[in-house]
Amino acid sequence: MDSNFQPRLRPLDIQWIEQSGQPALLLQDRLAIGARGVVVPQALVPLLALCDGKRDLAALRIAYQLETGIPLRPGVVETVFAQLDEALMLESDRFAAAYRQALDSYRSLPSRSPALAGNGYPAKAPKLADLLDSFMAEAASRRNGHIDPPGHLRAVICPHIDYARGGLVYARLWDRVKEALAEFDLFLVLGTDHAGAPGALTLTRQSYDTPFGVLPTDEGAVDMVAEAMGPQAAFGLELNHRTEHSVELAAVWLRYLTGNRPVKMVPVLCGSFHPYTEGNGRPAEVESWRAGAEALISIAQRELTLVVAAADLAHMGPSFGDSQTMGPAEQASLSLSDAEMLATICRGDAEGFLDLLVAERDSRKVCGLPPIYLMLKLLSGVVGETVAYSIRPAPGESVVSVTGVILSASGKP
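Criteria and cut-off values
- Residues numbered from 1 in each chain as written.
- Predicted model: local features only at pLDDT ≥ 70, side-chain atom pairs only at ≥ 80, totals over all residues.
- Heavy atoms only, no water.
- Bend = angle between axes of the 7 residues up to and from the residue.
- Helix = DSSP H or I, 4+ residues; strand = E, 2+ residues; numbered from the N terminus.
- Buried < 20%, exposed > 50% of the residue type's maximum accessible area, 1.4 Å probe, protein only.
- Contact = heavy atoms within 4.5 Å.
- 1 Å grid on protein atoms, 1.4 Å probe; cavity = no way out; pocket = protein on both sides within 12 Å on 5 of 7 lines; lining within 4 Å.
- Points joined across faces, edges and corners; volume = space filled by probe spheres on them.
- Salt bridge = Lys/Arg side-chain N within 4 Å of Asp/Glu carboxyl O.
- Polar contact = N/O pair within 3.5 Å; in protein donor to acceptor, adjacent residues only side chain to side chain.

Undergrad: Would you mind showing me how to read helix α6 (residues 163-177) here?
TA: In an α-helix there are 3.6 residues to a turn, and that puts residues three or four apart on one side. Of all the bends in α6, the greatest, near 30°, is centred on V169. Most of α6 sits inside the fold, with 12 of its 15 residues counted as buried. Y163, G166, G167, L168, V169, Y170, A171, L173, W174, D175, R176 and V177 are the residues of α6 that are buried. Here the buried face of α6 lies against α5 (125-142), β4 (153-158), α10 (246-258), β8 (305-310), β10 (382-394) and β11 (398-409).

This is how it looks when you write it as structure tokens:
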């Protein structure tokens, strides 16, 4: 490795594990381009924290010793970063070439293959139908045979949590609106991009495949939005669609509920709002986000379009970086805070919704913030109703809260 190389880690999934009885850090590639995982011993973790693209290998060795007081043996730094580069964990020429190859392969496929089929849910249509049917049957039993149909339906919020934990919340939402779905021929699906850059809106022309068949993408609508945004902004992170589960989990339900009816989808991944919840401006200050949102308004406001925000709510507890475990008292407090947030959403108040999370610096880590905010910005004159809410367990005495919300045009039957 060139000694002048200034390594920078790519965005990765990182978690602590135990290896040979010792703590270690597991690095995993969100885009599944490189190695399945790289384990870094705890003693070398400070070296990763210094890997910011501004220091060459010699400077990293010196900075590590200043930081920890421990000198590194000759060759250790070179070996660590050579291995990380080989695993495609660094922003480098090697990774750039692998990314281009992966993107070309993704675009050449007849459709975007399901990332979670056979893992997050059954890969075969009959078994998947049985699972979703069971959720719908339970949802129906809870309403005692009566459906109060929504008014002039404009949008919904559905979860993107796994079906095992969130199946009933999905079902209670879709049970409520399943008859109204027949009115729509286009679904504008806004999903959380867990690997997305701040303020990014990422498109794809690929159609999402599901065990029930392909849900075709409206390429004309995608091209219209991309023209407004510019191709680099619209498609620069397109490969994120390949592994991101948020849109996929909504698409499965939509194809299940619409059967063979000729409908289309516009899938949009929404990047992080972290800078904004830290008080640094608003997403509309990013030119590509503003242009994309303005273009999406014309799609969202068509009579035959349903906007779907595939969005979970809070992520709290040690698994998400909090010191506090989430016992009954903490969960009760969370439900009250979420109720206040959902009331703001149900008023159709995009800025009030964002203001709430800015005020708390997004301490709840609402990963559905970007798609919900965009949904509210695309629609005017809507009122909402929360039809389902649940706090679901996560590892390490942690929780994720999820919801089902319908939004209808105010004042219309």
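Undergrad: Which parts of the structure should I look at to understand the layout of surface pockets?
TA: The gaps left among the atoms become clear once a water-sized probe is rolled over them. Empty space within the second largest pocket amounts to approximately 310 Å³. Around the second largest pocket, the lining comprises 14 residues; the ones closest to its centre are R10, P11, L31, F95 and L237. It is helix α4 (residues 93-108) that provides the largest number of residues to the lining of the second largest pocket, a total of 3 residues.

Undergrad: Explain the pattern of salt bridges here, please?
TA: Opposite charge on two side chains makes pairing possible when the charged atoms of those side chains draw close. For the structure shown, the criterion picks out 24 salt bridges. When the shortest N-O distance is used, the salt bridge between R94 and D85 registers 3.4 Å. Relative accessible area serves as the criterion here: at 11%, D85 is assigned to the buried category. Across the pair E138 and R142 runs a salt bridge whose closest N-O atoms are separated by 3.2 Å. Within this pair, E138 and its partner R142 are both found in helix α5, separated by 4 residues, close to a single helical turn. Accessibility expressed as a relative area gives 34% for E138, which makes it partly exposed. Within this structure, R282, E351, D355 and K377 form a network of salt bridges that share partners.

Undergrad: Where do I start with the environment of T204 in this structure?
TA: Positionally, T204 belongs in the loop between β6 (201-202) and α7 (219-229). Note on T204: relative accessible area 0%, which makes it buried. Remark: the alpha-carbon pair of T204 and R112, spanning 92 residues in sequence, is separated by 9.6 Å. Beyond its immediate stretch of four places on either side in the chain, T204 contacts Y106, T217, V222, F235, E238, H241 and P267. Reaching out from T204, the side chain makes a polar contact with the side chain of Y106 at a distance of 2.9 Å. At a separation of 3.2 Å, a polar atom in the side chain of T204 contacts the main-chain amide nitrogen of Q206.

Undergrad: Looking at this model, I keep getting lost on the side chain of T192. Mind explaining?
TA: Mapping T192 onto the fold places it in strand β5 (residues 186-192). You can call T192 buried: its relative accessible area is 4%. At 2.9 Å, the side chain of T192 forms a polar contact with the backbone oxygen of C367. Residues within four places of T192 in sequence aside, it is in contact with H160, E244, S246, L269, C270, A310, A311, C367, G368 and P371.

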